[in-house]
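# Reading the structure
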Amino acid sequence: MLIDRYGRTINYLRISVTNQCNLHCLYCRPRGRAYALPTGDELTFEEIGTVARAAASLGVEHIRLTGGEPLLREDLPELVRKLADIPEITDLALTTNGQLLAEQAPDLAAAGLHRVNISMDSLDAERYHVMTGGGSLERVWAGIEASRHVGLEPIKLNVVMVRGYNHDELPGFVRIARDQALHVRFIELMPVGPAAAQAKALFYPAAEALRQIEDLHPAHEGRPGPGPAQVYRVGRGTIGFIASVTNPPCPACNRLRITSQGKLRPCLTTDLEIDLKPALAGPEPEAAVGEALRAAVAVKPEQGLHLTQASQAFTEMCQVGG
Ligand code: SAM
């Protein structure tokens, strides 16, 4: 078991499989901004499998593949197959922008992926195109349909709330959750990377969001899953709020992250990291990675950086894996 200094059980590993992305979301990697993202040197599938097995042997049950855009990583189903073979992993999920999902969903499901989270910040094609720096909303809907068809469910939609861009769309998202058995998660914009400079103007708090949709009668269910969302039932689906800024989920944090270059991060918003490459290159990689996981948990901070103070001190979201 991995239990940290503050009594939190760590059972969730988020693995970034690439830091490359095919979209330019305005708060994450807008067009024209210079990046210092490392390229090359990504962990191999063999290495990611070793990390996952080491984590599973220490009590990790939930794995999420993310990025960058994970569907850009070549032969991703091959990795999914490796991870799905680990008996302790009971929940194997993927976060994607959905642009390439329609084509890949069947192979991912056949390889053993359980479910998907799809980022979809607007229900309006033109707005979606603007917010994502060129994305196609039609492709996202095709990805949702394909995922449903092959049983990659429950399907969650991630909506980062951005004042002036999509904050008036919440009722529409509640309706699609209710009518189409979807699970929408409204996420507060975190002042990291490009969002830091404009955080004040763009921020839309969860409490205001909840007030906006109150007359659609959401029924509070608490925090039912491994994630940080406060969840409400609406018809056949759910909505949830992830108030990362106004009510940070740190006291219940159960996760570790690894970047695509093999840096183990005990906290999303603190730039502590442990390089797994030396452990992976040694004679007993699984045992050495296990030690590194214990070391990361031992230094896991009680709280992340105070997110109400905009900070660019830590790595970009597309590098750490959101
Ligand atoms: N490319 C995939 C996608 O779009 O879902 C996975 C990586 S993306 C970095 C993961 C999630 O982080 C997305 O839902 C994205 O909207 C969210 N995200 C990125 N920057 C954020 C920020 N500053 N605040 C809150 N969420 C953010």
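Residue indices begin from 1 for each chain and proceed along its sequence in written order. Given that this is a predicted model, residues contribute local features only at a pLDDT of at least 70 and side-chain atom pairs are listed and counted only at 80 or more, while totals for whole chains, interfaces and linings are drawn from all residues. Note that the side-chain values use all heavy atoms of the structure and ignore hydrogens as well as water.

### Here's the deal with the site of the ligand
Residues are labelled near a given molecule or strand when at least one of their non-hydrogen atoms is within 4 Å of it. Lining the immediate environment of the ligand, one finds 19 residues, of which Tyr27, Gly68, Glu69, Ser119 and Met190 sit closest. In protein, a polar contact requires one atom able to donate a hydrogen and another able to accept it; more generally it is a pair of N or O atoms within 3.5 Å, and residues adjacent in sequence count only if both atoms are side-chain atoms. Separating a nitrogen atom of the ligand from a side-chain N or O atom of Glu69 is a distance of 3.0 Å. Here an oxygen atom of the ligand sits 3.4 Å away from a polar atom, N or O, in the main chain of Thr96. Each helix is a run of DSSP H or I of at least 4 residues and each strand a run of E of at least 2, with the numbering of both proceeding from the N terminus. Every element with two or more residues in the shell around the ligand is listed here: β3 (91–96) and β5 (156–161). Gly is placed with the polar residues, together with every amino acid not listed as nonpolar (Ala, Val, Leu, Ile, Met, Phe, Trp, Tyr, Cys and Pro) or charged (Asp, Glu, Lys and Arg). Split by residue class, the shell around the ligand holds 8 nonpolar, 9 polar and 2 charged.

### Regarding helix α6 (residues 170–180)
Each residue is assigned to one of three classes by its accessible area relative to the maximum for its type, calculated with a 1.4 Å probe on protein chains only: buried under 20%, partly exposed between the two thresholds, exposed over 50%. Within the sequence span of α6, burial applies to Leu170, Pro171, Phe173, Val174, Ile176 and Ala177. On the buried face of α6, the contacting elements are α5 (137–149), β5, β6 (183–188), α8 (206–213), β8 (230–234) and β9 (237–242). Phi for Ala181, located one or two positions after α6, is positive at around 50°. It only takes one pair of heavy atoms within 4.5 Å for two residues to be counted as in contact.

### Remarks on the environment of Leu293
With respect to the secondary-structure elements, Leu293 resides in helix α10 (residues 285–298). Residue class for Leu293 comes out buried when judged on its relative accessible area of 0%. Residues Leu293 and Cys253 lie 40 residues apart in sequence; the distance between their C-alpha atoms is 15 Å. Excluding residues within four positions of it along the chain, Leu293 makes contact with Leu2, Val51, Ala54, Ala55, Leu58, Leu256 and Leu264.

### Focus: unusual backbone geometry
Going from Glu153 to Pro154, the amide bond is cis rather than trans, its omega being 0°. Residue placement: Pro154 occurs in the loop between α5 and β5. Here the phi dihedral of Asp75 falls at roughly 60°; this positive angle occurs in a residue that is not glycine. One can find Asp75 in the loop between β2 (62–66) and α2 (76–84). Positive phi, normally seen in glycine, also occurs at Ala181, with a value near 50°. Assignment of secondary structure puts Ala181 in the loop between α6 and β6. A residue is classified by how much of its surface remains accessible, and Ala181, at 22% relative accessible area, is partly exposed.

### Points about helix α1 (residues 45–57)
Helix span is expected to be 1.5 Å times the residue number reduced by one. Here α1 is 13 residues long and its end C-alpha atoms lie 18 Å apart, about the 18 Å a rise of 1.5 Å per residue gives. Counting buried residues in α1 gives 10 out of 13 residues, a clear majority hidden from the surface. Considered for burial, the residues of α1 that qualify are Phe45, Glu47, Ile48, Gly49, Thr50, Val51, Ala52, Ala54, Ala55 and Ala56. Residues of α1 that are buried in the fold lie against β1 (12–16), β2, α2, β10 (255–258), α9 (277–281) and α10. Downstream of α1 by a residue or two, Gly59 has a phi angle that is positive, lying close to 105°.

### Considering the side chain of Thr259
Mapped onto the secondary structure, Thr259 falls in the loop between β10 and β11 (263–265). Ignoring sequence-local partners within four residues, the contact set of Thr259 consists of Ser16, Arg265, Gln319 and Val320.

### Here's the deal with the pairing of β3
Counting buried positions over the 6 residues of β3 gives 6, a clear majority of the element. We treat two strands as partners when DSSP finds at least two bridges between them. Here β2 runs beside β3; their pairing, made up of 4 bridges, is parallel. Bridge pairing links His62 to Asp91 in β3. The parallel pair β2 and β3, bridged by α2, forms a crossover whose chirality is right-handed. When β3 meets strand β4 (residues 115–119), the two strands line up parallel, connected through 4 bridges. Residue Leu94 lies in a different strand from β4, and its bridge partner there is Val116. Handedness is read with the strands pointing away from the viewer; a crossover is right-handed when the path from the first strand over the helix to the second is clockwise. Since β3 and β4 lie parallel, the crossover through helix α3 (residues 101–111) that links them has a hand, and here it is right-handed.

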